[in-house]
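# A structural walkthrough
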Amino acid sequence: MSCPLGPDWAVEAVADYVENVRPRFGCDDHPALWVTERGGRIKPSEINARFVAYRDALKLPKQLVVHSARHAYVTHLTEDGVDRRFLQQQVGHENDSSTAIYTHVSDDIMNTMLHKALAPALTPTASADKDR
């Protein structure tokens, strides 16, 4: 199972930013993780504008938005078998049904999960084998 915070490379990238990039901004006491070179907090509109610029430069589909990362986070952790209650708390949802909307697992994962759930009912027990 991967790290519950996301893919290992993402954790390494954030750690690298915290250790090597953020200190260059000279705002060690700032409460925000992501800060600008002038020491201010990065605004959501700035993140979105940069995301759109990169997305368009890479010729990715317009349906791909910053919020897609939130859906991917929930989906990948679901596929890794992370507890649903943990995921619900991670994304700040009051109800699990809200978290379920975020989950877009592949058919392969759904089939694997279904097989795992049904296996005990479909596998003959040792005592049933003795009766034959």
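Just so it is clear, the structure is predicted and the values come from calculations on it, not from any experiment.

By the element assignment, glutamine 88 lies in helix 4 (residues 84-90). Beyond its immediate stretch of four places on either side in the chain, glutamine 88 contacts His93, Glu94, Asn95, Asp96 and Thr99.

This paragraph deals with helix 6 (residues 107-122). Taking 1.5 Å as the rise per residue, helix 6 with 16 residues should run 22 Å; its terminal C-alpha atoms sit 21 Å apart, in good agreement. Little of helix 6 sits out of view: just zero of its 16 residues are buried.

If you check helix 3 (residues 67-79), its first and last C-alpha atoms are 19 Å apart, about what 13 residues at 1.5 Å a residue would give, namely 18 Å. Those residues of helix 3 not exposed but buried are His71, Val74, Thr75, Leu77 and Thr78. Lining the buried residues of helix 3 we find helix 4, helix 5 (96-102) and helix 6. Downstream of helix 3 by one or two residues, glycine 81 has phi in the positive range, about 85°.

Now for the confidence of the model for the chain. With 88% of its residues at a pLDDT of 70 or more, the chain has an overall mean of 83. Averaged pLDDT values for the elements of the chain fall to 56 in helix 7 (residues 126-130) and rise to 93 in helix 2 (residues 44-57).

Scanning the entire structure with this criterion turns up three salt bridges. Its salt-bridge partner being aspartate 56, residue arginine 55 comes within 3.0 Å of it at the nearest N-O pair. Classification of arginine 55 as buried rests on a relative accessible area of 8%. Residue aspartate 56 is classed as partly exposed on the basis of its relative accessible area of 31%. As a salt-bridge pair, arginine 84 and aspartate 96 come within 3.3 Å of each other at their nearest N and O atoms. With arginine 84 in helix 4 and aspartate 96 in helix 5, the pair connects residues that are 12 residues apart, well separated along the chain.

Rules of the game
Residues numbered from 1 in each chain as written. Predicted model: local features only at pLDDT ≥ 70, side-chain atom pairs only at ≥ 80, totals over all residues. Heavy atoms only, no water. Helix = DSSP H or I, 4+ residues; strand = E, 2+ residues; numbered from the N terminus. Contact = heavy atoms within 4.5 Å. Expected span 1.5 Å × (residues − 1). Buried < 20%, exposed > 50% of the residue type's maximum accessible area, 1.4 Å probe, protein only. pLDDT = per-residue confidence, 0-100. Salt bridge = Lys/Arg side-chain N within 4 Å of Asp/Glu carboxyl O.

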